[in-house]
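Structural characterization, general
These are the residues of each chain, in order.
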Amino acid sequence: MGILLSQLGTNVVGIGLPTFMREFGATFAEVQWVVVAYLLTVTALIVGVGRFADQLGKKKLYLAGLISFLAVSLICALAPNLIVLIAGRGLQGLGGAIIMALSFALVGEIMPKDRIGLAMGVLSMMVALGIALGPSLGSLALVTFGWRAMFWINLPFGLLTYALLSRYLPRTIDTSHSVRSLGNFDWSGTIVLSLTLLAYCIAMTLSGSHGINHSLVLQYLAGAVFGLVLFLAIETKARQPLLSLGLFRDRLLSTSMMISVLAYAVMMATLVLGPIFLTRGVDLDTRATGLVMTVGPLTSAMMSIPAGWMSDRIGPRLTLLGGLTLMTIGSALMSLITIEHGVQEYVASIILISLGLAFFQTPNNTAVMSAARSEQRGLVSALLALGRNLGLITGASLMGAIFGAAAGQTGPASGGTAAATQAAIARGMESTFRVAAAMAGCALILALVGFRRRITDHASR
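What counts and what doesn't
Every chain's residues receive numbers from 1 upward, in the order its sequence appears when written. Totals for whole chains, interfaces and linings use every residue, but because this is a predicted model, local features are given only for residues with pLDDT of at least 70 and side-chain atom pairs only at 80 or more, for both listing and counting. Hydrogen atoms and water are omitted, and side-chain values are computed over all heavy atoms in the structure. Here, a salt bridge means any side-chain nitrogen of Lys or Arg that lies within 4 Å of a carboxyl oxygen of Asp or Glu. Think of it this way: any DSSP run of H or I at least four residues long counts as a helix, any run of E at least two long counts as a strand, and we number them from the N terminus. To sort residues, take the accessible area from a 1.4 Å probe on protein chains only and compare it with the maximum for the residue type: under 20% means buried, over 50% means exposed, and anything in between is partly exposed. Axis geometry follows a simple rule: fit a line to the C-alpha atoms, using only the stretch in contact for helices, then measure angles between N-to-C directions, giving values from 0 to 180 degrees. Comment on the angle field: the value is read as roughly parallel under 35 degrees, roughly antiparallel over 145, roughly perpendicular from 65 to 115, and oblique elsewhere. Working rule for handedness: look at the near helix, and if it is turned counterclockwise from the far one by less than a right angle, call the crossing left-handed; if clockwise, right-handed. Here a residue-residue contact requires only that any non-hydrogen atoms of the pair lie within 4.5 Å. Residues are grouped as follows: Ala, Val, Leu, Ile, Met, Phe, Trp, Tyr, Cys and Pro are nonpolar; Asp, Glu, Lys and Arg are charged; all remaining types, including Gly, are polar.

Brief notes about the pattern of salt bridges
Under the counting rule described, the total for this entry stands at one salt bridge. Residue Glu430 is joined to Arg434 by a salt bridge in which the shortest nitrogen-to-oxygen separation is 2.6 Å. In this pair, Glu430 and Arg434 both sit in helix α18 (residues 422–450), four residues apart, roughly one turn of the helix. On the basis of relative accessible area, Glu430 is assigned to the partly exposed category, the value being 30%. On the basis of relative accessibility, which here comes to 53%, the residue Arg434 falls in the exposed class.

Comments concerning the packing of helix α15 (residues 316–334) against α18
Where α15 contacts α18, the axes come no closer than 7 Å and their chain directions differ by 165°. The orientation of α15 with respect to α18, classified from their angle, is roughly antiparallel. Seen from above, α15 lies across α18 with left-handed handedness. Residue-level contacts link Arg317, Leu320, Leu321, Leu324, Thr325, Met327, Thr328, Ser331, Ala332 and Met334 of α15 to Met429, Phe433, Ala436, Ala437, Ala440, Gly441, Ala443, Leu444, Ala447 and Leu448 of α18. Tallied by class, residues from the contact of α15 with α18 come to 15 nonpolar, four polar and one charged.

Considering the environment of Gly9
Turning to its location among the elements, Gly9 is positioned in helix α1 (residues 2–11). Given a relative accessible area of 1%, Gly9 falls into the buried group. Spatially, the C-alpha atom of Gly9 lies 8.1 Å from that of Asn154, the residues being 145 residues apart in sequence. For Gly9, the contacting residues outside a window of four places in its chain are Tyr38, Phe69 and Arg89.

Here it is in structure tokens:
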């Protein structure tokens, strides 16, 4: 349930942005930071907290992350102004980062290898349910009790999760290997990597409204490049590096992360552009759009457990390749979408893409976590989550830019998607999902090349 809570933290407040604008007298550009602040903190800190857990103890840090998430939820619910709310959301991202980084690692610790696929399927289902339920729960809380209720609803989920994990999560998780001294923790590498990821994410966020060529965006990108170079220099000299560069010589892990970035960038295209196409292109009302938009996440949720079962039975490799094939076909079909048959074609395409995501993410997580050593599972789980987040953030920026260029909406001054005609929106969808299909195809090729040996053989070593 922890991973569900962290996903709700990402998705539940999006529906409240218009209310925040009215409540605080703010612009959309200002209130969007209620969402962005959480994502930035999660992405910037997730690798560091994963490594920290390997040294401090996974159960101990996970429970601390839950308490932090709930405590800051109270701050957000009681926020007197927008600045406090945004700051609270940034702090809430620390708890979210811990939960996301360690959820898969804990499963890898306690489940036998022949059942890890099924357990990963349950976690993947919770991720998808968080995406699907976020807008629904958020709108219900907003309409019934007001915007503060969107943060109060975290308490029952969080307290139940804490009670269950405190009671049933084995203490041996933190004693199965020696917990090393935090005095040797790579603080400099952690800080530099966090700032590097933060600079990259801010650049991607600002590029959506300013354009990729804006001077501020380029400055943040240059800072990210400089930070990456500095981080690599630090890691080569550190006695106990945050990220051992030799870790990326492991074909399974490095290929998995590259594929994750591509796959989740494709998925983000559907989340960003779906509402635009359905409301502006097909003229659905808000309620109908919301119902159609739940088709994808619910499909992923329902199929995540079967995907885990299949991964355990026939092996992660074949299941993963099948999922990426479905994503490629679904993206190609989405590029052929028309206004006349828009809803039917959208639903058919999104079901294929979402099926593909379910049959990709579960075996991908299964294979990597099965192969990871116990003392590295926190870090490896965090790297998997980082790949997801980078894919989502990059996808939102890249796919939005492609759509805007193809639809003739080249910048904020042009009026954005609100000014786009139905024909322009159809052109934007065609161009964007051609690129998405190419990205999914590249992910499939990477999987074929990078996983030439059976993943199950790797995991059994």
